[in-house]
Amino acid sequence: MGQRGEFGAAVAILTVPGAAGGASAALCAVGSPRAMEAGSHRGSVRLFSIGAHGPAAGPCVAAPRATLQPRALSANAQFGAALDFHGDGLLAVGAPGADSAGGSRAGLVRLVRAGGVAGVGPLPVTHLADLVPPAGSDGAAFGAAVAFSADGQQLAVGAPMTRSPGGPPFAGRVYVYSVAGGEWALSLVVDPPRPAVAATFGKTLDWVGGTLLVGAPGDGAIAPASGRVFGFQGTGAAAGALAWELAAPAGASAVSGMRYGDALAALDEHTFAVGGWGHAVVEVLHVNESGLPVHEALLQGDPTTGFGLRVAGAGAQLFVGAPFALGPQGESSAGRVEVFTRSAAGWSASGSLIGLHPVTGAEFGVSVAAAEGPGGVARVIVGEPGSHAACRGG
């Protein structure tokens with residue numbers, strides 16, 4: 001993954017309703033966590049529109065509507081390494097390499113709001129808050145993952161390199177913030193049920209309904225780096241309580257290097273997908289009335305392609321990144337995204353996406369984000385940090 005960390009290494013997308021019944025659009029955020037500023041990889045984020053206020057589809061080469069700079073963050077802050085949108089332009093930006101009040105390279109998350117997202121032209125962007133971990137969090141990588149709850153009232157932040165006092169290194173931790181009166185405050189700290197060396201608990205995050213999903217792809221309780229996914233109560237008196245855990249896809253053995261949980265994505269309020277790219281698998285599950293996950297499908301790909309490194313979806317569509325796949329002319333690591341669709345018969349392959357101009361090392365699919373668009377059809381943005389196009393939206 002030699003090109004990861006450049007423009008397109010992280011992406012997020014937000015559907016924007018059209019004014020007065022007009023066509024909807026999408027606002028896209030594209031992270032460049034290794035962008036140079038003042039001689040260091042401090043990072044940046046650019047905002048683009050597709051649809052009604054931009055091109056219907058294509059590469060992110062048009063002038064951005066806004067550019068977010070790291071604003072005096074430390075060297076190697078990696079601003080833009082993780083992104084998530086909610087609502088009317090609320091955006092969380094992770095900077096897991098930033099020095100902060102939490103310590104050296106403890107990390108930081110910046111909350112901003114883009115105004116006028118349904119309009120055209122430059123976007124006014126308002127800085128809302130900077131969130132940081134507690135003091136003594138040196139090297140925690142706080143902000144390596146960020147995820148808003150469905151109602152936008154909570155934000156989960158992963159710090160997968162956290163080492164608790166006397167605990168194993170890189171066991172990980174998750175912080176949950178809640179908003180009240182426009183102010184964001186820490187409301188919950190979630191530690192791994194069984195801290196383990198290099199488990200990287202919190203490397204991936206999402207919410208399905210009121211359940212917080214936490215990936216620990218380095219968890220080796222069964223086999224080295226076989227991975228694990230945990231579900232925690234996200235709200236109410238039991239917030240933070242472990243609800244369930246998954247150690248391997250149904251029908252598959254937990255094997256060394258699977259890295260189950262290295263990708264997570266909620267498709268709707270009941271359904272989510274888990275990637276284990278080390279063995280090219282993606283499991284789709286839904287949460288039943290008892291709040292427990294139930295297996296729906298096991299999707300398998302070519303292990304040489306990185307299938308399952310990233311997953312994203314909306315409703316009945318699922319997008320699976322395979323960034324090391326050969327291009328149509330044999331270009332090494334040109335990448336592609338496999339598309340799956342749910343019907344009454346279950347999940348099935350329905351096509352694939354490739355970059356507009358596949359080139360060696362483009363790694364199309366190293367980042368993917370999706371949001372439900374008009375008629376229930378998903379809008380998707382795909383990063384290809386090794387290409388001049390950098391990302392593709394549509």
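Colleague: Account for the sheet that holds strand S18 (residues 228-233), naming residues and giving values.
Modeller: Sheets are built from strands that pair by backbone hydrogen bonding, the pairs being arranged parallel or antiparallel. Spatial strand order, S16-S17-S18-S19: four strands in an open sheet with antiparallel pairing. Each edge of the sheet is formed by a strand with only one pairing partner; in this case those strands are strand S16 (204-208) and strand S19 (242-246). Across the sheet, the axes of successive neighbouring strands diverge by a mean angle of 20°, strand direction being ignored.

Colleague: Can you break down the packing of aromatic side chains residue by residue, with the values?
Modeller: Across all of its chains, the model carries ten aromatic pairs by this definition. Summarising the aromatic geometry, the rings of Phe201 and Phe232 are spaced 5.9 Å apart at their centres and angled 90° between planes, so their arrangement reads as edge-to-face. In this pair, Phe201 sits in the loop between strand S15 (183-190) and S16 while Phe232 sits in strand S18, placing the two residues 31 residues apart along the sequence. With a relative accessible area of 0%, Phe201 lands in the buried category. Note on Phe232: relative accessible area 3%, which makes it buried. Put simply, the rings of Phe142, Tyr175 and Tyr177 touch in pairs and so form one group of aromatic residues. The ring of Phe7 has Arg46 lying over it, and the distance from NZ or CZ to the ring centre is 4.1 Å.

Colleague: Tell me about the side chain of Gln317, and please be specific about residues and values.
Modeller: Within the secondary structure, Gln317 is located in strand S25 (residues 317-322). A polar atom in the side chain of Gln317 sits 2.8 Å from the backbone nitrogen of Ala378. Each residue touching Gln317, except ones within four places of it in the same chain, is listed here: Leu267, Ala312, Phe340, Thr341, Trp347, Gly376, Val377 and Ala378.

Colleague: With reference to specific residues and values, describe the confidence of the model for the chain.
Modeller: Averaged over every residue, the pLDDT of the chain is 89; the share at 70 or more is 91%. A low-confidence stretch, residues 1-5 (pLDDT under 50), is modelled with 16 contacts involving residues beyond four sequence positions or located in other chains. Below pLDDT 50 for its whole length, residues 52-56 participates in 15 contacts with residues either more than four positions away or in separate chains.

Colleague: Would you mind going over the nonpolar core in detail, with residue names and values included?
Modeller: One broad trend across soluble globular proteins is that nonpolar side chains are buried collectively. Formed by 24 residues in total, the largest nonpolar core has its most connected members in Leu27, Ala29, Val45, Leu47, Leu83, Phe85 and Leu91. Counting only elements with at least two residues in this core, the list comes to strand S1 (10-16), strand S2 (25-32), strand S5 (44-51), strand S7 (66-68), strand S8 (82-86), strand S9 (90-95) and strand S10 (108-114). The element contributing the most residues to this core is S1, with four residues. Apart from the residues within four sequence positions on either side, Leu91 is in contact with Ala29, Leu47, Leu68, Leu83, Asp84, Phe85, Arg110, Leu111, Val112 and Phe148.

Colleague: Explain the sheet that holds strand S11 (residues 125-131) to me, using residue names and the numbers behind them.
Modeller: Overall, antiparallel pairing links the four strands, which are arranged S8-S9-S10-S11 in an open sheet. In this open sheet, the two strands that pair with only one neighbour each are S8 and S11. Here the average twist between neighbouring strands, direction ignored, is 20°. Looking at chain direction, S10 and S11 are connected through six bridges and run antiparallel. Bridging from a neighbouring strand, Val112 pairs with His127 of S11.

Colleague: Go over the pairing of S18, please, and point to the residues and values.
Modeller: Walk down a regular strand and you will see the side chains alternate between the two sheet faces. Most of S18 sits inside the fold, with five of its six residues counted as buried. Sheet topology places strand S17 (residues 211-216) next to S18; six bridges connect them, and they run antiparallel. Within S18, the position partnered with Thr211 by the bridge is Gln233. Pairing analysis gives four bridges linking S18 to S19, with the strands arranged antiparallel. Paired with Phe232 across the two strands is Leu242, which belongs to S19.

Colleague: Explain the pattern of salt bridges residue by residue, including any values.
Modeller: Enumeration according to the criterion identifies eleven salt bridges in this entry. Linking Arg34 and Glu6 is a salt bridge whose minimum nitrogen-to-oxygen distance equals 3.8 Å. Here Arg34, found in the loop between S2 and strand S3 (36-37), pairs with Glu6, found in the segment before S1; they are 28 residues apart in sequence, far enough to count as distant. Classification of Glu6 as partly exposed rests on a relative accessible area of 30%. Ionic pairing is found between Arg228 and Glu245, a salt bridge with its closest N-O pair at 2.5 Å.

Reading guide: rules and limits
Residues numbered from 1 in each chain as written. Predicted model: local features only at pLDDT ≥ 70, side-chain atom pairs only at ≥ 80, totals over all residues. Heavy atoms only, no water. Pairing = 2+ DSSP bridges. Helix = DSSP H or I, 4+ residues; strand = E, 2+ residues; numbered from the N terminus. Axes fitted to C-alpha atoms, helices over the stretch in contact; angles between N-to-C directions. Phe/Tyr/Trp six-rings, centres within 6.5 Å; stacked < 30°, edge-to-face > 60°. Buried < 20%, exposed > 50% of the residue type's maximum accessible area, 1.4 Å probe, protein only. Lys NZ or Arg CZ within 6 Å of the ring centre and 35° of its normal. Polar contact = N/O pair within 3.5 Å; in protein donor to acceptor, adjacent residues only side chain to side chain. Contact = heavy atoms within 4.5 Å. pLDDT = per-residue confidence, 0-100. Core = buried A, V, L, I, M, F, W, Y, C linked by side-chain atoms within 4.5 Å. Salt bridge = Lys/Arg side-chain N within 4 Å of Asp/Glu carboxyl O.

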